[in-house]
Amino acid sequence: MSREAINDPLATPGERLDALKGYLEGTPAFPEFVTESNNHVHTIYSFSPYAPAMAALRAREAGLQVVGSVDHDSAGAAAEMAEAAGLLGMGAVTGFECRVYMYSEEEVAAGRAPLHDRKLNNPDTAGIAYMTVQGIPARSRDAVAEYLVPVREARLRRTGAMVERANEILGRLGAPLIDLEEDIVERSQFLRGGTVTERHLLAAMASKLIERFGVGQSLVDGLAELGLSLGGKVRDQLADPDNPHLVFDLLGVMKAEFLGQIYIVPDRTECPTMAEVAAFATSVDAIPAYAYLGDVTASPTGDKKAEKFEDDFLDLLVEELRRIGIPAITYMPPRNTPEQMARVAALAAEHGLLEVSGVDINTPRQVFNCPELQRPELAHLNDATWAMVAHERLAEVDGGLGLFSDDSPLASLPLAERVARYAGLGRRLVQGGLTVAAAADDLRTVTA
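Rules used in this analysis
Residues numbered from 1 in each chain as written. Predicted model: local features only at pLDDT ≥ 70, side-chain atom pairs only at ≥ 80, totals over all residues. Heavy atoms only, no water. Helix = DSSP H or I, 4+ residues; strand = E, 2+ residues; numbered from the N terminus. Contact = heavy atoms within 4.5 Å. Buried < 20%, exposed > 50% of the residue type's maximum accessible area, 1.4 Å probe, protein only. Axes fitted to C-alpha atoms, helices over the stretch in contact; angles between N-to-C directions. Parallel < 35°, antiparallel > 145°, perpendicular 65-115°, else oblique. Polar contact = N/O pair within 3.5 Å; in protein donor to acceptor, adjacent residues only side chain to side chain. Pairing = 2+ DSSP bridges. Expected span 1.5 Å × (residues − 1). Core = buried A, V, L, I, M, F, W, Y, C linked by side-chain atoms within 4.5 Å. Nonpolar A, V, L, I, M, F, W, Y, C, P; charged D, E, K, R; others polar. 1 Å grid on protein atoms, 1.4 Å probe; cavity = no way out; pocket = protein on both sides within 12 Å on 5 of 7 lines; lining within 4 Å. Points joined across faces, edges and corners; volume = space filled by probe spheres on them. Phe/Tyr/Trp six-rings, centres within 6.5 Å; stacked < 30°, edge-to-face > 60°. Lys NZ or Arg CZ within 6 Å of the ring centre and 35° of its normal.

(A) Focus on the environment of Thr 35. Within the fold, Thr 35 resides in the loop between helix 2 (13–25) and strand 1 (37–41). Separated by 17 residues in the primary sequence, Thr 35 and Pro 52 place their C-alpha atoms 21 Å from one another. Contact partners of Thr 35, with chain neighbours within four places excluded, come to Gln 65, Leu 373, Gln 374 and Asn 382.

(B) Seen up close, unusual backbone geometry. Phi is positive for Thr 27, close to 45°, though the residue is something other than glycine. Within the element layout of this structure, Thr 27 appears in the loop between helix 2 and strand 1. Residue classification places Thr 27 among the exposed positions, given a relative accessible area of 63%. Within the chain, Asp 73 stands out as a residue other than glycine whose phi angle is a positive 55°. Mapping Asp 73 onto the fold places it in the loop between strand 2 (66–72) and helix 4 (78–87).

(C) Up close: the packing of helix 15 (residues 379–397) against helix 16 (residues 415–431). The contact between helix 15 and helix 16 brings their axes to 7 Å, and the two run at 70°. In terms of orientation, helix 15 lies roughly perpendicular with respect to helix 16. Facing helix 15, whose interface residues are Asn 382, Asp 383, Ala 384, Trp 386, Ala 387, Val 389, Ala 390, His 391, Arg 393 and Leu 394, helix 16 presents Val 419, Tyr 422, Ala 423, Leu 425, Gly 426, Arg 427, Leu 429, Val 430 and Gln 431.

(D) Focus on the side chain of Asn 38. Positionally, Asn 38 belongs in strand 1. Residue classification places Asn 38 among the buried positions, given a relative accessible area of 0%. At a separation of 2.8 Å, a polar atom in the side chain of Asn 38 contacts the main-chain amide nitrogen of Val 359. Excluding anything up to four places from it in sequence, Asn 38 contacts Leu 64, Val 66, Val 67, Gly 68, Gly 358, Val 359, Ile 361 and Phe 368.

(E) Quick look at the sheet that holds strand 7 (residues 354–357). Reading across the sheet, the 7 strands line up as 1-2-3-4-5-6-7 and stay open at both edges, with mixed pairing between neighbours. The sheet is open, and its two edges are formed by strand 1 and strand 7, each paired on a single side. Direction aside, the axes of adjacent strands within the sheet are offset by 30° on average. In terms of strand pairing, strand 3 (residues 91–101) meets strand 4 (residues 128–134) through 7 bridges, oriented antiparallel. Bridging across to strand 4, Arg 99 finds its partner in Tyr 130.

(F) Examining helix 14 (residues 338–351) more closely. Compared with an ideal rise of 1.5 Å per residue, which puts 14 residues at 20 Å, helix 14 spans 20 Å between its outermost C-alpha atoms and is within 8% of the ideal. Turning to helix 14, its buried residues number three or more, namely Gln 340, Met 341, Val 344, Ala 345, Leu 347 and Ala 348. Positive backbone phi, at 70°, marks Gly 352, one or two positions downstream of helix 14.

(G) Representation of the nonpolar core in the model. In this structure, Met 102, Met 274, Tyr 290, Leu 317 and Phe 368 are the most contacted members of the largest nonpolar core, which totals 68 residues. Top contributing element to this core by residue count: helix 3 (residues 52–61), with 6 residues. The contact partners of Leu 317, leaving out residues within four places of it in the chain, are Met 102, Leu 115, Leu 120, Tyr 290 and Glu 310. Leu 170, Ala 203, Leu 209 and Leu 238 belong to the second-largest nonpolar core, a separate cluster that totals 39 residues.

(H) Molecular detail of the packing of helix 15 against helix 17 (residues 436–444). Relative orientation of the contacting elements helix 15 and helix 17 amounts to 90°, with a least axis distance of 10 Å. Judged by the angle between their axes, helix 15 and helix 17 are roughly perpendicular. Contact residues: helix 15 offers Arg 393, Leu 394 and Val 397, while helix 17 offers Val 436, Ala 439, Ala 440, Leu 443 and Arg 444. Residue composition of the contact of helix 15 with helix 17, by class: 6 nonpolar, no polar and 2 charged.

(I) Representation of the environment of Ala 154 within the structure. By the secondary structure assignment, Ala 154 is in helix 6 (residues 141–172). Each C-alpha atom of the pair Ala 154 and Ala 19 lies 34 Å from the other, and the pair is 135 residues apart in sequence. In contact with Ala 154, not counting residues within four places along its chain, are Asp 267, Thr 269 and Glu 270.

(J) Representation of the layout of surface pockets in the model. Each pocket or cavity is described by its volume, and for the second largest pocket that value is around 460 Å³. What lines the second largest pocket is a set of 21 residues, and nearest its centre among them are Phe 47, Ser 48, Arg 187, Ser 188 and His 200. Among the elements of the structure, helix 7 (180–185), helix 8 (198–213) and helix 11 (246–262) are those that each provide at least two residues to the lining of the second largest pocket. When residues of the lining of the second largest pocket are assigned to their parent elements, the largest contribution, 4 residues, is made by helix 8.

(K) Focus on the packing of aromatic side chains. Counted by the stated rule, this structure contains 3 aromatic pairs. On the numbers, 5.6 Å between centres and 50° between planes, the contact of Phe 47 with Phe 248 is tilted. Taken together, the positions of Phe 47 in the loop between strand 1 and helix 3 and Phe 248 in helix 11 put the pair 201 residues apart, joining distant regions of the chain. The buried category is assigned to Phe 47, whose relative accessible area is 12%. Relative accessible area serves as the criterion here: at 23%, Phe 248 is assigned to the partly exposed category. In this structure, Arg 60 is placed above the aromatic ring of Phe 33, and the distance from its NZ or CZ to the ring centre is 3.9 Å.

Now the structure itself:
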C-alpha cells in the first residue's frame, strides 16, 4: 500500500487507516523508540500537510512514543489519530486548539480584567489568547464537534471578509483573485468537520502569486513589487524552481509580512472567553491548558518575528489562569530558553499546573522530534504526556477517573504524585498490555 494513500486528504479516515494497515503489512523498518513525544501536531483538519494517519506514521518514523493532535477549532482528527497511533504501537493524546478572549466584556467593564489590554500569546490582538483542550475521551468527541460548530462558522465568515482584503492586494498586482469556496473551503476539511484558518487564506494568496509571477527567480523578482527584500535561506528556497514546498515557504513569508494588512479581529462568537472554554472542557472530562509562548527571538516555522509576549507579567498571568480554572500550561521546548522553561516549571509547581509539551507541526519542513525532552531536567514533561494518555483512556470509562476529577481516587494527592501514578498506567496501557478495565480497577482500589 502506498504512502500517498495514507495521506490522501480526499479519502475517508477509514480509507486512510486501511492504507496504513496495508503499509504496515509490508513490515517497514522503524527506529527504536526514544523518550520523546509530541502533543502539538496539526493535521489537515486545520492546516497541515499531514492527514492524521500520516502524522502518526511520521511521528513513529521519528521514534516518538506518543503523538497528539490539536487542530484549530476542530477535534476532527481525534478518532483517526488515536487508531493510527494504536496501529503503530504508540500512545495518543487528542484535542483541539482555539483562540479565546481572556475576559468577558462584563469583567472588563467592571475592572476585573487586569490583563485584557496586554498582548498574551497572540501576536495579532491584545486580550486574545491561544489555549488547548487535550485528553478528550472518545465518548466526548461528538459533544466537542457540536460545541465548535458556531466557532468554525464564525471563522469562515471572517475569512470571507479577509479574502476581500487579500484580493485588493492581488488585484493591484494583476494576479488572479481568490474564490472563497473553490480556493479555500474545497481545499480544506471544513465540510468534513475541520476548520478554515488564516493559513488557508495565505496559502491561497501564495498560489495566486505563483500563478502571476511563475516560479524561480521570476517569483522573487515579482515579490519585490510587494516591497519584499528577501535574503539568505528564504530567498534561496523561493528562487528554487523545483522547490516541492514552495507554497508553504511562501505562505510563511506572507504571514510574517502581510497578515497584518488583511487580518480582521475575531468576534466573541469565534472566540469565547477562556473561562467558558475551560468550563466546557471540564464538562466533557478533557484538560484545558494555556499555551505559553514567552518572549521569542526566533520561530521554528520561520513565520514569527522576534517579539515580546508574556514574560513581563507571567506571575500575574499564572495567578489569573488558576482563578479562571485552567489546570495546565503547554509550551514548546524548542521555542523557549532553559531559563524560560525553568521559570514556567517553578510557577507550575507553585500553582499546581500540569506542564504539557509539544512542537507545533504544520509545515513539511519541520521535524517531529523534540530532542530537548531527553534532557534529565525535562523528564517530567514525558511523564505528563503519559499521564494524559492514561487520562484520555480512563476518562472514557468513567469521568471520575480523570486526572483532575474531584472524584478520582487520587484526588487528595499532590499533582506530581498523581502525574507519576497516571504516567505509569499510561505506559502500561500502551507498552505493557494493560487493559483499560484493569487500569481503572488499579485506580479504584487505591487508598490515597
